[in-house]
Each structure stands twice: as structure tokens, then as C-alpha cells.
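Residue strings, one per chain:
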Amino acid sequence: QVQLVESGGGLVQVGGSLRLSCAASGRTFSSYAMGWFRQAPGKEREFVAAITWSGLNTRYADSVKGRFTISRDNAKNTVYLQMNSLKPEDTAVYYCAADRSPSNIAVLTTIGGYDYWGQGTQVTVSS
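The rules behind each value
Residue indices begin from 1 for each chain and proceed along its sequence in written order. With pLDDT at 70 or above as the cut-off, local features in this predicted model cover only qualifying residues; side-chain atom pairs require 80 or more to be listed or tallied, and sums for whole chains, interfaces and linings still use all residues. Side-chain figures throughout are based on the complete set of non-hydrogen atoms in the structure, without hydrogens or water. Should DSSP find at least two bridges between two strands, the strands are taken to pair. The secondary structure listing takes helices from DSSP runs of H or I that are at least 4 residues long and strands from runs of E that are at least 2 residues long, numbered from the N terminus. All axes here are fitted lines through C-alpha atoms, helices being fitted over the stretch that makes contact, and every angle between N-to-C directions spans 0 to 180 degrees. Here, the term disulfide refers to a pair of cysteine sulfur atoms separated by no more than 2.5 Å. When a residue's accessible area, from a 1.4 Å probe over protein chains only, is under 20% of the maximum for its type it is buried; when over 50% it is exposed; and in between it is partly exposed. In this tally Asp and Glu are treated as negative and Lys and Arg as positive; neither His nor the chain ends contributes. Every case where a carboxyl oxygen of Asp or Glu lies within 4 Å of a side-chain nitrogen of Lys or Arg is listed as a salt bridge. Under the rule applied, a polar contact is a pair of N or O atoms within 3.5 Å (in protein, one hydrogen donor and one hydrogen acceptor; residues adjacent in sequence only if both atoms are side-chain atoms). Should any heavy atoms of two residues lie within 4.5 Å, those residues are considered in contact.

Asker: Residue-level account of the sheet that holds strand E1 (residues 4-7), with values.
Answerer: Taken together, the four strands give an open sheet; going across it, the order is E1-E3-E8-E7, and neighbouring strands pair in antiparallel fashion. Two strands bound the open sheet, and with one partner strand each, they are E1 and strand E7 (68-73). The sheet shows a mean angle of 15° between the axes of neighbouring strands, direction not considered. Pairing geometry for strand E3 (residues 18-24) and strand E8 (residues 78-83), over six bridges, is antiparallel.

Listed below in C-alpha cells is the structure:
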């Protein structure tokens, strides 16, 4: 069992930046692919970014490409989401997720590609 705890959310103005962190329990974190999803009020949960266990491959939603960066530190059992040039439409609850089985990067863009989920952290971008 893996527990994921997100942090770093908050209120930020348009154009600002935030860095989300997701700390994972367990000794096998380095073998998990990780992803970030978000869910805005009244909308379905959507893919944001994913990173393979090695960190060598990443994938981003078109809406965040060039503004967000996903990274991981396996020594700290932590995955990060650096969010720059934030827009009001980025407002959502952000969730991190872990995939315990090797999956190709395309599968990691889907909710079904993950086995564990965190509780989420709120990001609000004000104009």
C-alpha cells in the first residue's frame, strides 16, 4: 500500500507560480510512475502531467505544456509539479497518483493507469 500526500497548494494571482509536492510512503517509490491530475468544480478529473519511474520520460496536457514541469526525487520519495504563468482556468484541486506497474507513457495520461491517489490540494488562481 502506498500513501500519497500532496502539499503546496494555495491562492496565487494570475501569472504567478506554485510548486506542488507529493510525498509517498513506501520503499518502492522509485519503481512507480507518477502523475498529476486536477478537477475543477463541476468538471471531470483531467490529466495534467506524468513522469516515468526513471524520470526520463514525461508527458503533459496541451493546456499546461510549456508552463508546468513535473519532476521527481526518488531519494526523497517525492514528485513535484512546478506551475508557472498560472491562469484562472488552472484553478482546481490537484491530485497526485502512483502507478505500481510498468506502463507506457500514453497509459499514464488516463485515470485508469494509476493504482493509488492522494487526497488533493487546492490551487486557486485569482484575477
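Asker: Describe in detail the state of the cysteines, supporting the description with residues and values.
Answerer: Taken as a whole, this structure holds one disulfide when the rule is applied. With a sulfur-sulfur separation of 1.9 Å, Cys-22 is cross-linked through a disulfide to Cys-96. Judged by the sign of its S-S torsion, about 40°, the bond between Cys-22 and Cys-96 is right-handed. One end of the pair, Cys-22, is in strand E3; the other, Cys-96, is in strand E9 (residues 92-99), with 74 residues separating them in the sequence.

Asker: Account for the side chain of Arg-72, naming residues and giving values.
Answerer: If you trace the backbone, Arg-72 turns up in strand E7. Despite its burial, Arg-72 remains without a salt bridge, the nearest opposite charge being carried by Asp-73 at 8.3 Å. Within the structure, Arg-72 has its side chain in polar contact with the backbone oxygen of Phe-29 (distance 3.0 Å). The contacts of Arg-72, once residues within four sequence positions are left out, are Phe-29, Ser-30, Tyr-32, Ala-33, Met-34, Ile-51, Thr-52, Trp-53, Gly-55, Thr-78 and Val-79.

Asker: Provide a residue-level description of the environment of Asp-115, including the pertinent values.
Answerer: Turning to its location among the elements, Asp-115 is positioned in the loop between E9 and strand E10 (116-117). For Asp-115, a relative accessible area of 35% translates into the label partly exposed. Through-space distance from the C-alpha of Asp-115 to that of Gly-55 is 19 Å; in sequence the pair is 60 residues apart. Every residue in contact with Asp-115, bar those within four places of it in the chain, is listed here: Ala-98, Asp-99, Arg-100 and Ser-101. At a separation of 2.9 Å, a polar atom in the side chain of Asp-115 contacts the main-chain amide nitrogen of Arg-100.

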